[in-house]
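Breakdown of the fold
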Amino acid sequence: QVQLVESGGGLVQAGGSLTLSCKASGSIASIRVMYWYRQAPGKQRDLVASIIRGGGSNYVDSVKGRFTISRDDAANTLYLQMNSLQPGDTAIYYCAASKMFGGFYWGQGTQVTVSS
């Protein structure tokens, strides 16, 4: 089992920045890919960014150039640096992880609210 705990959400004005963190614990040795998803009110949960252990990252087009995903494997922590935030970025942000030989895990989510 893997436990994921997000932090860093909050209320910010449009144009501002936030950094989300996700601390992983438990059986984390074989985590290969980590993700940030978000779910706005009344909408489905969508992938925002992903990062592979020792490899590259990918972003949804709407956040490219504004968000940066990174991971510190020594600290078992995933980050999402969010700049130039817009009201459309308002959502619950979820951390997720997939293991090399199966298993997909979710965090509990952290609320990000961007005011105009």
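Attention in this report is confined to the structure presented alongside it. (Residues numbered from 1 in each chain as written. Predicted model: local features only at pLDDT ≥ 70, side-chain atom pairs only at ≥ 80, totals over all residues. Heavy atoms only, no water.)

Helices and strands together make up the secondary structure of the chain, namely 0 helices and 11 strands. Ordered by position in the sequence, the α and β elements of the chain form the string β-β-β-β-β-β-β-β-β-β-β. For 116 residues, the compact-globule formula gives about 13 Å, and the C-alpha radius of gyration of the chain, at 14 Å, lands near that figure. Its C-alpha atoms put the chain at 45 × 25 × 25 Å along the principal axes. A separation threshold of at least 6 residues defines the contact pool for the chain, and within that pool the share at least 24 residues apart is 54%. (Helix = DSSP H or I, 4+ residues; strand = E, 2+ residues; numbered from the N terminus. Rg over C-alpha atoms; globule rule 2.2 N^0.38 Å. Contact = heavy atoms within 4.5 Å.)

Relative to the helices and strands, Ser 98 is located in strand 9 (residues 91-99). Looking at Ser 98, the relative accessible area reads 11%, which means it is buried. A polar contact is formed between the side chain of Ser 98 and the side chain of Tyr 35, at a distance of 3.0 Å. When neighbours within four sequence positions are excluded, Ser 98 is seen to be in contact with Ser 30, Ile 31, Arg 32, Val 33, Tyr 35, Gly 103 and Phe 104. (Buried < 20%, exposed > 50% of the residue type's maximum accessible area, 1.4 Å probe, protein only. Polar contact = N/O pair within 3.5 Å; in protein donor to acceptor, adjacent residues only side chain to side chain.)

Our next topic: the pattern of salt bridges. Within this structure, the stated rule accounts for 5 salt bridges. The partner of Asp 61 in a salt bridge is Lys 64, with the nearest N and O atoms 3.1 Å apart. Taken together, the salt bridges that share partners define one network made up of Arg 38, Arg 66 and Asp 89. (Salt bridge = Lys/Arg side-chain N within 4 Å of Asp/Glu carboxyl O.)

Nothing here speaks to function; it is all geometry.
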